[in-house]
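Read off the chains here:
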Amino acid sequence: QPLFDLDDNRISGFEALARWQHPVLGSIEPATFVPVAEEAGLMIGLSDFVLRTACRQLAAWQRRDARFGEFDMHVNLSSIDIAHPSLEARVKATLADAGVQPRHLTLEFTENTLMQRIDGALPALTRLRRSGVGLSVDDFGTGYSSLRHLSSLPVNELKLDRGFVADLERGAREEAVVQAIVMMGQSLGKLITAEGIETAEQLARLKQAGCKSGQGFFLSPPLAAEDVEQLLQRMLSEVAPLSPSASAYALVH
């Protein structure tokens, strides 16, 4: 799913989304199959497959045109991944294999996942962040991390939970909460990315609140890799590709 810079509506990168295409049950989402993979001891192999596939795909898109060279890729990690002793080595090996710079990869994990594994995960995550890899707290605002932890964690991005975005249209109080989170993130030097943007009003209010990054069905639904290829081709064929005056999200509607 494309990620957008909300200042000028440009695509800034992508989040890799995994689906299990079951021959009988059809498309199965991670909330269903990831717990099974964890219990079966398959999570590390599954995560490595997603990470490797996503990074190789990103490298191919970056090579397509210099204007796509700063695209980045977000990949979600499970609680098993972030506490595994081989995490750092696996991430670095994947980046080297794909020819992707560390700054173009962001690893995502939920608040609760991080706080449950923080003691074992913190050293490796800190080293990865120092190497340039981005670290993002997903579904921010729904877990139980404290402000004390937040200020000291090596994360550079907070992904505002879609529940906050959905509440924006309810009234001024809900908008004030979002604005407070954005201001807090800015004061801590962290990028705030809004998830689940589904209406023009939500997008407008997020921009007014100072939110700089976002994703959601209003901007673009999740796309198969071949659909992204078509999107990039259309962007290249524009008279002024990627210009602020040409809304990127208009290209995917």
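Residues numbered from 1 in each chain as written. Predicted model: local features only at pLDDT ≥ 70, side-chain atom pairs only at ≥ 80, totals over all residues. Heavy atoms only, no water.

Chemist: Would you take a moment to explain the sheet that holds strand E8 (residues 157–160) for this structure?
Modeler: Across a sheet, strands are paired by hydrogen bonds formed along the backbone, either parallel or antiparallel in direction. Taken together, eight strands build a closed barrel; the order of strands is E1-E2-E5-E6-E7-E8-E9-E10 and the barrel is mixed. Sheet topology note: the strand E2 (residues 10–15)/strand E5 (residues 72–76) ladder contains three bridges and is parallel. Note on E5: the bridge partner recorded for Phe14 is Met73. Relative to E5, helix H2 (residues 43–64) is tilted by about 170°, and along the sheet it contacts E2, E5 and strand E6 (105–110). (Pairing = 2+ DSSP bridges. Helix = DSSP H or I, 4+ residues; strand = E, 2+ residues; numbered from the N terminus. Contact = heavy atoms within 4.5 Å. Axes fitted to C-alpha atoms, helices over the stretch in contact; angles between N-to-C directions.)

Chemist: How do you make sense of the layout of surface pockets when you look at a structure like this?
Modeler: Empty pockets left among the atoms are what a rolling probe the size of a water molecule brings to light. Approximately 1000 Å³ is the volume found for the largest pocket. Surrounding the largest pocket, 40 residues form its lining, Glu15, Pro30, Ala31, Asn76 and Asp138 being those nearest its centre. For the lining of the largest pocket, the elements supplying multiple residues, two or more each, are helix H1 (30–39), H2, E5, E6, helix H5 (111–116) and strand E7 (134–140). Tallied by class, residues from the lining of the largest pocket come to 16 nonpolar, 13 polar and 11 charged. Of all the elements in the fold, those that place two or more residues in the lining of the second largest pocket are E2, H2 and helix H11 (225–237). Per-element accounting of the lining of the second largest pocket gives the leading share, seven residues, to H2. Counted by class, the lining of the second largest pocket contains 17 nonpolar, four polar and two charged residues. (1 Å grid on protein atoms, 1.4 Å probe; cavity = no way out; pocket = protein on both sides within 12 Å on 5 of 7 lines; lining within 4 Å. Points joined across faces, edges and corners; volume = space filled by probe spheres on them. Nonpolar A, V, L, I, M, F, W, Y, C, P; charged D, E, K, R; others polar.)

None of the figures reported here should be taken as evidence of function without further support.
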